[in-house]
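The chain contents come next:
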Protein chains: 2
Amino acid sequence: MRAEVAAIVGDLVLEQGYERTTVDHICAAAGISRSTFFRYFPSKEDALLGGVADSGETLRDALAARPEDELPWVAVRRALQPLIDRYAADDERVRRLTRLMMTTPALLARHQEKNARWYELLRPEVARRLGADVDDRADPGPQALIGAALACVQATLTVWSANPSSGSLSDILDRAMGVVGPVG
Amino acid sequence: MRAEVAAIVGDLVLEQGYERTTVDHICAAAGISRSTFFRYFPSKEDALLGGVADSGETLRDALAARPEDELPWVAVRRALQPLIDRYAADDERVRRLTRLMMTTPALLARHQEKNARWYELLRPEVARRLGADVDDRADPGPQALIGAALACVQATLTVWSANPSSGSLSDILDRAMGVVGPVG
DNA sequence: GTCAAACATGGGACACAGTATCAGAACCGG
DNA sequence: CCGGTTCTGATACTGTGTCCCATGTTTGAC
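Computed from a prediction, not measured in an experiment: that's the story for all the values here.

A. Here's a closer look at the packing of helix α1 (residues 2-16) of chain A against helix α2 (residues 23-30) of chain A. Residue and element names in this part refer to chain A. It is the contact of α1 with α2, at a shortest axis distance of 10 Å, that shows an interaxial angle of 125°. With respect to α2, the element α1 is oriented oblique. Considering the relative orientation of α1 and α2, their crossing is right-handed. Every residue of α2 that contacts α1 at Val-5, Ile-8, Val-9, Leu-12 and Gln-16 is listed here: His-25, Ile-26, Ala-29 and Ala-30.

Here it is as structure tokens:
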């Protein structure tokens, strides 16, 4: 049921854009009331993006599983692979929704807000691999490295979703992260 | 007049937080009507952040002025100096407002939305310095590098605004960008 | 000095997201 | 059949932001 409404939201949004799709439209199309909609989803953004599982924990575990002697930047690149694969495995619909997400300010903001949790999640392991004090909040290093990596992911998704023939996500991410640091 | 209202907004927001400060409160404190407020500022966020001049063009010109043989990452670091100095020159009020901006999701989102313009602004020069095709939209490199640098700036501002005794902004930015790439 | 055009302000209605409360319907186990 | 839980819808509310219109108030032309 929840998934059904989410699918309708995706359809409507792909059809007429995000801002022009009001909650009332969605409710009318789904045959439910506003009350019910907001019981299923905390917000309109979540109805659209909530389907994408939050991979924060996955990412953290993948990073912790990388070999100790790998350079931090390389380890992060490798840890991002499962995340990337989840996008790549999907079809044209995902690409169009991703494009919508990257080009709609409200959606991009929400996406980044969701990812803000990843900073705290990844910080300990990144700090450890950088040889920094894990509890030192005055060290910008870990946050900078995580933010840089996420910026590369965002650049990757932007290019991939905008250019149908730009190659595999994995290759684009290699190029993106290769420009910033060694992906060895 | 506009500046006067903006100052009141800053006061109220520093006093009781951003969400709890409604436009009605501001109007009452400033002795104007809602209509007038929204003629001065397009939104509540802009009333608070609009005072910070948009340094996109400054940043672009500073980057273009860097020596040709500098590594791109180093050139960007140097080009960011004027931006950083603008923060550092100011007083405790700026630090508190910055902290508010980094910790309030709505404000951080607006800030990043404003900075989104910088990508297009800086892309040509960064692409050139990377030896890439300036018009190739399928190359994630320039966007990745710019995003990584801005992530370092954000990490810097976060640490600086949260820790009163964390040193100069310039030093923090050096540490942040040094972790990601060579700052020469 | 007068008239008119421009502008600034305020008021009120509206659209939309999101919250809270309450009332009834469907469903369950006993 | 009953009592409770959960699902649902209706209503009203807060807050941001837009739009339109009715006021001044200033400015400039004649």
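B. Local environment of the protein's contact with DNA strand D. What surrounds DNA strand D is a group of 15 residues, the closest being Ser-35, Thr-36 and Arg-39 of chain A together with Arg-34 and Lys-44 of chain B. The separation between a base nitrogen of DNA strand D and a polar side-chain atom of Ser-35 of chain A is 3.0 Å. Tyr-40 of chain A has a polar side-chain atom sitting 3.1 Å from a phosphate oxygen of DNA strand D. For the surface near DNA strand D, the secondary-structure elements that each account for two or more residues are α3 (34-40) of chain A together with α3 (34-40) and α4 (44-49) of chain B. Looking at the surface near DNA strand D element by element, the count peaks at four residues for α3 of chain A. In terms of residue class, the surface near DNA strand D is made up of five nonpolar, six polar and four charged.

C. Here's a closer look at the side chain of Gln-154 of chain A. Residue placement: Gln-154 of chain A occurs in helix α10 (residues 141-162). A polar contact of 2.9 Å, which involves the side chain of Gln-154 of chain A, links it to the side chain of Gln-112 of chain A. The contacts of Gln-154 of chain A, once residues within four sequence positions are left out, are Met-102, Leu-108 and Gln-112 of chain A together with Gln-143 of chain B.

D. Examining the nonpolar core more closely. Counting residues in each nonpolar core, the largest one holds 106 residues, and the members touching the most others are Phe-37 of chain A together with Phe-37 of chain B. When residues no more than four places from it in sequence are discounted, the contact partners of Phe-37 of chain B are Val-5, Val-9, Val-23, Ile-26, Cys-27, Ile-32, Ser-43, Lys-44 and Ala-47 of chain B.

E. Layout of the side chain of Thr-21 of chain A. All names here are of chain A. Here Thr-21 shows up in the loop between α1 and α2. In this structure Thr-21 comes out as buried when scored by relative accessible area, which is 1%. If sequence neighbours within four positions are ignored, Thr-21 has contacts with Leu-12, Val-13, Gln-16, Ile-26 and Lys-44.

Conventions used here
- Residues numbered from 1 in each chain as written.
- Chains lettered and ligands numbered in written order.
- Predicted model: local features only at pLDDT ≥ 70, side-chain atom pairs only at ≥ 80, totals over all residues.
- Heavy atoms only, no water.
- Axes fitted to C-alpha atoms, helices over the stretch in contact; angles between N-to-C directions.
- Helix = DSSP H or I, 4+ residues; strand = E, 2+ residues; numbered from the N terminus.
- Parallel < 35°, antiparallel > 145°, perpendicular 65-115°, else oblique.
- Left-handed = near helix turned anticlockwise from the far one by under 90°.
- Contact = heavy atoms within 4.5 Å.
- Near = heavy atom within 4 Å.
- Polar contact = N/O pair within 3.5 Å; in protein donor to acceptor, adjacent residues only side chain to side chain.
- Nonpolar A, V, L, I, M, F, W, Y, C, P; charged D, E, K, R; others polar.
- Core = buried A, V, L, I, M, F, W, Y, C linked by side-chain atoms within 4.5 Å.
- Buried < 20%, exposed > 50% of the residue type's maximum accessible area, 1.4 Å probe, protein only.

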